[in-house]
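What follows is each chain in one-letter form.
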Amino acid sequence: MKLSKILFLTSIITLFFPNFVIASSLDDLYRDIIRSDNSGYLPLFVKNRQAPIILIEEDDLLAIEKNERTANTKDNIPVKLSNDINKRSALAKARQLQWLKTIAAIKSNQVTPLELQDITSRVKENDPKATEILAWMYTTGTGVSTDFIEAFKLYQKAAQLNVTNAEKNALIIYKSMNDEQRRKVKNRY
């Protein structure tokens, strides 16, 4: 008899006062407390406490942005979700290791095409340190043939990327040029 009264009262409380339902676990209790403190809103850090890290691929994000700008239609764009953070961090570590090998090869004047490709790709990505190093390589002839015009151009690019003393180095290179090289620089810039 007592059990039936408890079940009856529990069902009445559940129907009329859903916020007072007893939580089934400590996690549910914690969520209920947070929800009551935030006017029924459950903050993101509580919602996703155990959610895996999911990244949206960059191509899909660009497609979504393009569709939002141009869409008067309500087409659904499928989004590929991926959890490849380990793969991306491994690639970043490999790239950093390659950069350290490139620097070591430049210091020992044993630059191979692989290191040259690494540093030129970083220059294309506007990496300030790589730009300054490649300019120095063209100045000294380390791994490449000496080319004051290219070194001058790279030092100017490094100056635009806020590399310390890049403008001074460009001036030193300009002073080291012969008249023909200076004319080529003036015609280019």
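Presented here is a report on the structure given in the accompanying data block. (Residues numbered from 1 in each chain as written. Predicted model: local features only at pLDDT ≥ 70, side-chain atom pairs only at ≥ 80, totals over all residues. Heavy atoms only, no water.)

1. Description of the overall build of the protein
Now for step 1: Regarding its fold elements, the protein presents 10 helices and two strands.
Now for step 2: Its helices and strands taken in sequence order, the protein reads α-α-α-β-α-β-α-α-α-α-α-α from the N to the C terminus.
Now for step 3: Put simply, the protein has 189 residues, and 22% of those count as buried.
Now for step 4: In the protein, the proportion of contacts linking residues at least 24 apart, taken out of those at least 6 apart, comes to 41%.
Now for step 5: When the accessible surface of the protein is totalled, it reaches about 14,500 Å², and 57% of it is carbon and sulfur. (Helix = DSSP H or I, 4+ residues; strand = E, 2+ residues; numbered from the N terminus. Buried < 20%, exposed > 50% of the residue type's maximum accessible area, 1.4 Å probe, protein only. Contact = heavy atoms within 4.5 Å. Areas by Shrake-Rupley, 256 points an atom, 1.4 Å probe, with all protein chains shown as cover.)

2. Some thoughts on the packing of aromatic side chains
The relative placement of two aromatic rings is captured by the distance of their centres and the angle of their planes.
Now for step 1: Overall, the coordinates contain one aromatic pair when judged by the stated rule.
Now for step 2: When the centroid spacing of 5.8 Å and the interplanar angle of 45 degrees are considered together, the rings of Phe152 and Tyr174 count as tilted. Of this pair, Phe152 sits in helix α8 (residues 148–160) while Tyr174 sits in helix α9 (residues 166–176), and the two are 22 residues apart along the sequence. (Phe/Tyr/Trp six-rings, centres within 6.5 Å; stacked < 30°, edge-to-face > 60°.)

3. Some remarks on the nonpolar core
Now for step 1: Membership of the largest hydrophobic core comes to 22 residues, with the highest contact counts inside it found for Ile119, Ile133, Leu134 and Met137.
Now for step 2: Contributions of two or more residues to this core are made by α5 (85–107), α6 (113–124), α7 (128–140), α8 and α9.
Now for step 3: Setting aside residues no more than four positions away along its own chain, Leu134 makes contact with Leu116, Ile119, Thr120, Val123 and Leu154. (Core = buried A, V, L, I, M, F, W, Y, C linked by side-chain atoms within 4.5 Å.)

4. Things to note about the pattern of salt bridges
Now for step 1: What the rule picks out here adds up to four salt bridges.
Now for step 2: The partner of Glu180 in a salt bridge is Lys184, and the shortest N-O contact between them spans 3.7 Å. Residue Glu180 and its partner Lys184 are located together in helix α10 (residues 179–188), separated by four residues, close to a single helical turn.
Now for step 3: What makes Glu180 partly exposed here is its relative accessible area of 46%.
Now for step 4: Lys184 gets classed as partly exposed once you look at its relative accessible area, which sits at 43%. (Salt bridge = Lys/Arg side-chain N within 4 Å of Asp/Glu carboxyl O.)

5. Digging into α6
For the α-helix, the turn length of 3.6 residues means that residues three or four positions removed from each other point alike.
Now for step 1: If you check α6, its first and last C-alpha atoms are 16 Å apart, about what 12 residues at 1.5 Å a residue would give, namely 16 Å.
Now for step 2: All buried positions along α6 are accounted for by Glu115, Asp118, Ile119, Arg122 and Val123. In a view along the axis of α6, the buried residues occupy a sector of 135 degrees, so they form one face of it. Residues of α6 that are exposed and point over 90 degrees away from its buried face: Pro113, Gln117 and Lys124.
Now for step 3: In this structure, the buried side of α6 is in contact with α5, α7 and α8. (Expected span 1.5 Å × (residues − 1). Arc of directions from axis to C-beta.)

6. Focus on the side chain of Thr102
Now for step 1: Secondary-structure assignment places Thr102 in helix α5.
Now for step 2: A residue is classified by how much of its surface remains accessible, and Thr102, at 0% relative accessible area, is buried.
Now for step 3: Discounting residues that sit within four places of it in the chain, Thr102 has contacts with Glu115, Asp118 and Ile119.

7. Section: the side chain of Thr142
Now for step 1: In this fold, Thr142 is placed in the loop between α7 and α8.
Now for step 2: When its relative accessible area of 8% is taken as the criterion, Thr142 is described as buried.

8. Observations concerning the environment of Ala104
Now for step 1: Secondary-structure assignment places Ala104 in helix α5.
Now for step 2: Overall, Ala104 belongs to the partly exposed group, its relative accessible area being 44%.
Now for step 3: For Ala104 and Glu115, which are 11 residues apart along the polypeptide, the C-alpha to C-alpha distance reads 9.7 Å.

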